[in-house]
Every structure is written in structure tokens, then in C-alpha cells.
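# Descriptive analysis of the structure
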Amino acid sequence: MRKLAEWQLALPLALAFASIFLAPLLMLVGVSFFNDDKISQPGFGQWAKFLGDPFSYKVIADTMLLGLKTVCATIVIGYPLALIYLDASPRLQKVLIFIIVMPLLLSVVVRTFAWIVVLGREGVVNTILLQLGIISEPLRLLQTELGLVISLTQIEMPLMLLPLISVMSRLDPNLRDASSALGASRWRTLFKVIVPLSMPGLVAGCLLVFASSTTAFISQTVIGGVRLIYLPLLIWQQSLVVFNWPFAAVVSLTLLVSVLTVVSALSYLGRRTGGYVHG
Amino acid sequence: MQDASKAKAARTLDVEDLTVRYGTSTAVDGVTLAIEPGEVVALLGPSGCGKTTLLRVIAGFVRQAAGRVRVDGTVIDHLPPNQRNIGIVFQNYALFPHMTVAENVAYGLRARGIGGPEVAARVSRFLEIVQLGGFKERLPRQLSGGQQQRVAIARALAVEPQILLLDEPFAALDRNLRLDMQIEVKRLQRTLGLTTILVTHDQDEAMSVADRIAVMNKGKVEQFDSPVAIYDRPQTLFVNGFIGTTNLMPGRITSLQDGTATVSLDAGASLLLPAPQGLGAGQPILLSVRPEQLALSSAAGPEAWKVDPGLSLPIGAQLVHEARTADGAALKIVEPRRPTGAEPGRIYCTLTADARPSLFPRPA
């Protein structure tokens, strides 16, 4: 009896989930199997068109690479930041967590436009570099992948730091002392003790950053412009410019499947390493 | 046990005028300890007395504001923890949860660049020593508390440290296991002849494991002496109150003559005691005497004072009497339980013949 009651409690959410998420997803799958943009002739034409075009594979690869590059950049910058946070005094920790969370309090649009100001031809970076005499010509940062990775790294950083910090701050501080007393250098302690034990947080951060940066339509289009084409831009063009919904559905499903593939690979890796700690 | 190589391996440890400050508070205040090779010293005191901070300075985790730490006469203050070769066992053991027992024990050896078959041999040897030979492939969370502690000890010993530090290592164990592990650690320490410092707030533990005890209070060492001396001849009122159970009775030194002090107790008795150092005639004092050094009797006399007997509780082979003196001091008196049962009319209290009461100046 009690079990049934508990099961019923989940019903409203399940219904909402089914009608708002599952049904549209199934419709999306359905729409992708129509040959024409009027959605009248069923067939595999759109899939054949998309998968038969080498350009599609370049866009898929670029999108996944963008995600991986952003993940790498957030790890390289975020991990040391998490270590600094861990060593900071409680007061400094409060300040740091505020700085870390602050990007989440701003709209993505605002953050992205801020990056235009920073990265533009007359932007902060170019002005400083020119005045210091390091460069003679303004660097091209907007509408390049480098500029996009830089801004996505900042925009997605909280998604890496928060899980990382939450896992790291639960580590016993004596473990570091124990490692040190046993003769290990700081680097050895980092790679043999801290990194393996913070793996669950690191993997969670990677998942979030990857999924979020590969689908970051606003940043990709505003910073990357139309010169850099990623799957979200392609979906937008096909659905809202060309009005070829079946083709847009094909691209959408491709994005979904490619992100899911990488994400499951990452979480499989995470389960294997995290197993030592929690398993 | 005392073969030459091991005896030679034991190091002296000297702590000189050591002071540690956290902000404005002084955690360790001018502590000096000279520890002999192969000796076990307990740092004993209430929480916040600075004993753990002192241990962490020796290990190199905390930097002192003043003073020196020497191992075998060589100052080690400038060395980071990983170059001090000092083994430490933490209260929560701090085993690496993602490594097996064998990997935990091998950790320090690998960090020192030892590899291959020697690591395996030493891991096996030290796991045998702590009687965990068959547990190599287990993870720490698959072990009981006592087993985890033995792994922590094996891990600390495997790198053959110069000094062994134990930070409340028995606190997390239940009572029976604690006694077993205390004996075990003492045995290991004897076998290896390792100079050892044990931090504890448990006086029984300090008494049973240590060769000497440094009783600490508010960052200072109040007394550094053998367990027997600490128990029988406490130097300060704090040590007196912290170690064992004691009775305090107010009084006054009425006269001093030929090394003998006449002490008049407020409870109404006059006692002749060996003259204490640094106390003069007329000095208000507190007389401290252990419960087993008091006796009840039915006979009045100049050296006996009248008490109001309270409850009598049989505890094991002993009988514990409660009593109250005329001036209101509560006394505990312990005597061997006699088969005759209760003896009424014993309303006088005296010192036993072998009593060694201590005299302390009475705080204003």
C-alpha cells in the first residue's frame, strides 16, 4: 500500500516529463523521417542528405572538438583554482565562491556580449597588447575558435568548479599531511592522492561543461559568428531561416546522439575511477 | 630485542623553547623537552592545551614562531615534512581510501624511489609485523577500525622513520580493542627501538604506554616526568587534579622546623609532613591526597579529623566511601573490601601510614 502511494507521488512529474519532454522528442524523431519540408512524404531522404554530405561530419567534429577544448581549458584553469580554494582561509573561501558563482547570476547573453567588448578589434585585450607593443596589428579573436573557447571557458567555469570543490572539500585534510609525512612531494601528493580522489567531481564537471558548451547556441553564434558553423547554428538555420523542419530534426538528433555518446563515455570512465572511493 | 643495529638507530628528539602562535593566541608557549633515544613520551592534557600543535610542529605541518626542534642534535626546522623522515599515525588513520592495504604501505617506499621486489618484501614484512599478512588486497573501508589502525602503523613504520608520532591513535577504538592495540604498539616500539611521541587526553593510556609523560596545560608543559612520579609527586595543582582522582583539603602551614612542616587542616587536624620547597610558615595551602591514602577509623586523635560518612560503593575489589569534612570538603576514600561488611562508628579520617600527600599554595 505504502509503496503504491510513493509511486503515485511521482506521477505529476512523470506526466509533465512525458508531455513536455518525451512527446516532443518522439515527434522530433517522427518529423526527421519526412522527405519534404511540408512534412507530407515519409522517407529517409533527409537522413541520406545529411549523412551523405561530408560537410555534416565536419560540423559534427567541430562541435565535439569545441566541447572537448572547452572541457580541457576549464580543467587546466579550474583545477588549480579549486586547489587554491581548498587552501584558502574560510573568509577568502566565501569571497572565492561568490566570484565563482557570479557568472551564473548573469544572463548568458550579457556575459557573451561582455566578451565581445573584451575580445573585439578595439577590445580590452587588443588595446593592452598594442599599447605594450607586443603586437603591431590587432589580433583577430572574435569569430575565431580561440575566442569562442576563451569565452566559453569563462562562461562554463562554474559548472566545472562547483562539483570539483564540493568533492574536494570533503577530502580528509590529513590525507595530504599523511602523504607528505611519508616522503611524497607536492606533485606526487597531487597526482597520487588528490586527483584520484577528486575524480568524481572532475568527471561531473566535465559532463556539465561538455554538454553545455556543445549546445551553447548564443555564445557560439555571437562570438563565433556565421563563419564558424556548429550543430546548434545549423539547427537554427534549417528550422527558422530555411524552414526545413525535417532536416533540422535530423541535425538535432545528431547533436543529441553525439553529445550522449561522449557523455556516456565520460561517465563510464568516472564510474571506473570513482568506484575506488564510493563503490 | 636490544640488538646493536636497532639500538643505534634510535634518535634523540629535542624540543627547545618552542612557541607557536595562531594570530594573537599562543598555542604552544616556550616548551622544552629532551627525549631520549627509544623513549616513548606521552603529551597529555585537555583539548586545546597545545599537544597536537606541538606534534604537528615536529612533523613539519605547522611552523613555530620561535624555538627549535632537533633530531639527534641536528636542527630540522627548515625541512619540509616530506624530508623529515618522521612517521605519523593520525587519529582517523588517514589511509588512502582508493588504494589497497599493500598500496598504502608501499606509498612511502615508492615516494622514496624504492621500487620492485624490495617494496613487495618490505610491505609483506611490515604487514606481518602488524599481523595483517592476509589483507594485502583489501581496501581500507573493508577493514575494521583496529585493522585500519594497524595498516596506518605499518604504513608509518615501513619507511623506517627516525621518530614515530602518534596522534590520539587509540581514541576511535572501543575499550577492549584499545588495550590490545596499546600493548601491540608498545611491543612494536620496543622491538624497533623507535623514539615515539604519543598525543593523548587519556591519562590511563599515557600511564600504560609512555616511559615519561609531559602534562600540558594552556600551551605549557606543567610537568615532564615518569608516570609514577607524575602520579605520586605532582608538581602543580593542575597536574595533581588532571592525573587520577584526588582529595583537596584547605589548611595552613603553622610552623616549619628541621624539614618538617606542621599543617593545620581547616577540617580540624594537625599533621606533621615533610617540608615542601618554596612554602613558608603561615602559607595558606591545599593538601592533596589520593583516595587510597586515606582511611576511616573509629579512634579520635590529633592527626584525625571528624567526617560525616556518606555512601559506600563496592567497585570491584575496592570499597569507595564518600565523606564530608566539618568545613564542607567532599572526600573520596578507597580501601580494600573486607568480608566483614560495614563497620559502624568509623567517623574519623586519617592519612594511611604510606600516604604521600602533596602541598600546594592555595590560590587566592
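Residues numbered from 1 in each chain as written. Chains lettered and ligands numbered in written order. Predicted model: local features only at pLDDT ≥ 70, side-chain atom pairs only at ≥ 80, totals over all residues.

### Details of the overall build of chain A
- A tally of regular secondary structure across chain A gives 13 helices and 0 strands.
- Written out in order from the N terminus, the α and β elements of chain A read α-α-α-α-α-α-α-α-α-α-α-α-α.
- With the principal axes as the frame, chain A shows a C-alpha extent of 75 × 70 × 30 Å.
- Within chain A, buried positions represent 32% of all 279 residues.
- Within chain A, contacts between residues separated by at least 24 positions form 74% of all contacts whose residues are at least 6 apart in sequence. (Helix = DSSP H or I, 4+ residues; strand = E, 2+ residues; numbered from the N terminus. Buried ≥ 20, exposed ≤ 12 C-beta atoms within 10 Å, placed from the backbone. Contact = placed C-beta atoms within 7 Å.)

### Thoughts on the overall build of chain B
- Counting its regular elements, chain B contains 9 helices and 20 strands.
- Each of the three principal axes of chain B carries a C-alpha extent, and together these read 80 × 50 × 40 Å.
- Across the 364 residues of chain B, 39% fall into the buried class.
- The contacts of chain B with a sequence gap of at least 6 include a subset with a gap of at least 24, amounting to 66%.

### A look at the UniProt feature "domain: ABC transporter" (unreviewed entry) in chain B
- Here, UniProt's "domain: ABC transporter" (unreviewed entry) annotation points to residues 13–243 of chain B.
- The annotated region residues 13–243 of chain B carries 36% helix and 26% strand content, and the separation between its end C-alpha atoms amounts to 25 Å. (UniProt positions renumbered as here; feature names shortened; annotations may be inferred.)

### Concerning the interface of chain B and chain A
- At the interface, 19 residues of chain B touch 17 residues of chain A.
- Of all the secondary-structure elements, those providing two or more residues to the side of chain B that touches chain A are strand 6 (86–89) and helix 3 (101–111) of chain B.
- Tallied by class, the residues present in the side of chain B that touches chain A amount to 12 nonpolar, 5 polar and 2 charged. (Nonpolar A, V, L, I, M, F, W, Y, C, P; charged D, E, K, R; others polar.)

### Section: the sheet that holds strand 6 of chain B
Residue and element names in this part refer to chain B.
- Read from one edge to the other, the open sheet built from 6 strands follows the order 6-7-8-3-9-10, with strand pairing classed as mixed. Only two strands of the sheet have a single neighbouring strand rather than two, namely strand 6 and strand 10 (220–225). Put simply, the sheet's adjacent strands are angled 20° from each other on average, direction ignored.
- The strands that helix 5 (residues 145–158) touches are strand 6 and strand 7 (163–167); relative to strand 6, the one it contacts most, it runs at about 175°. (Pairing = 2+ DSSP bridges. Axes fitted to C-alpha atoms, helices over the stretch in contact; angles between N-to-C directions.)

### Some points on the UniProt feature "transmembrane region" (unreviewed entry) in chain A
- In the UniProt entry, the feature "transmembrane region" (unreviewed entry) is given for residues 12–34, 64–86, 95–118, 146–168, 189–211 and 247–269 of chain A.
- Between the C-alpha atoms that bound residues 146–168 of chain A the distance is 30 Å, and the span itself is 100% helix and 0% strand.

### Focus on the confidence of the model for chain A
- Here chain A averages 90 in pLDDT, and 96% of its residues register 70 or above.
- Taken element by element, chain A is modelled with least confidence in helix 1 (residues 2–9) of chain A, mean pLDDT 75, and with most confidence in helix 4 (residues 54–87) of chain A, mean pLDDT 95. (pLDDT = per-residue confidence, 0-100.)

### Observations regarding the UniProt feature "domain: ABC transmembrane type-1" (unreviewed entry) in chain A
- Residues given the UniProt feature "domain: ABC transmembrane type-1" (unreviewed entry) here are residues 60–268 of chain A.
- Summarising residues 60–268 of chain A: 81% helix, 0% strand, and an end-to-end C-alpha distance of 22 Å.

### Comments concerning the pairing of strand 17 (residues 318–325) of chain B
Residue and element names in this part refer to chain B.
- Pairing of strand 16 (residues 305–315) with strand 17 involves 7 bridges; the strand directions are antiparallel. Residue pairing in the sheet places Leu-313 in a bridge with Val-320 of strand 17.
- Joining the antiparallel neighbours strand 16 and strand 17 is a turn of 2 residues, in which Gly-316 adopts a positive phi near 60°.
- Bridge count for strand 17 against strand 18 (residues 330–336) is 7 bridges, and the pairing is antiparallel. Of the residues in strand 18, the one forming a bridge with Val-320 is Val-334.
- The turn joining strand 17 and strand 18, which pair antiparallel and follow one another in sequence, is formed by 4 residues; a positive phi near 95° is taken by Gly-328.

### Considering the environment of B:Arg63
- Along the chain, B:Arg63 turns up in the loop between helix 2 (51–59) and strand 4 (66–71).
- Once the C-alpha coordinates of B:Arg63 and B:Asn82 are considered, the two residues, 19 residues apart in sequence, prove to be 14 Å apart.

### A look at the nonpolar core
- Ranked by size, the top nonpolar core spans 98 residues in total, and within it B:Val105, B:Ala154 and B:Leu165 carry the most contacts.
- The greatest single-element share of this core, amounting to 11 residues, is contributed by helix 10 (residues 186–214) of chain A.
- When near neighbours in sequence (up to four residues on either side) are disregarded, B:Leu165 contacts B:Leu55, B:Ile58, B:Ala59, B:Ile86, B:Gly87, B:Ile88 and B:Ile197.
- Listed in part, the 25 residues of the second largest apolar core include A:Phe50, A:Leu119, A:Leu142 and A:Val259. (Core = buried A, V, L, I, M, F, W, Y, C linked by C-beta atoms within 7 Å.)

### Remarks on the packing of helix 6 (residues 108–119) of chain A against helix 8 (residues 145–168) of chain A
All names here are of chain A.
- For the pair helix 6 and helix 8, interaxial distance at closest approach is 10 Å and the crossing angle is 135°. Of the possible angle classes, the one that applies to helix 6 and helix 8 is oblique. Crossing of helix 6 over helix 8 shows right-handed handedness. Between helix 6 and helix 8, the contacting residues are Val-108, Arg-111, Thr-112, Trp-115 and Leu-119 on the first element and Gly-147, Ser-151 and Ile-155 on the second.
- Here the contact of helix 6 with helix 8 is built from residues that sort into 4 nonpolar, 3 polar and 1 charged. (Parallel < 35°, antiparallel > 145°, perpendicular 65-115°, else oblique. Left-handed = near helix turned anticlockwise from the far one by under 90°.)

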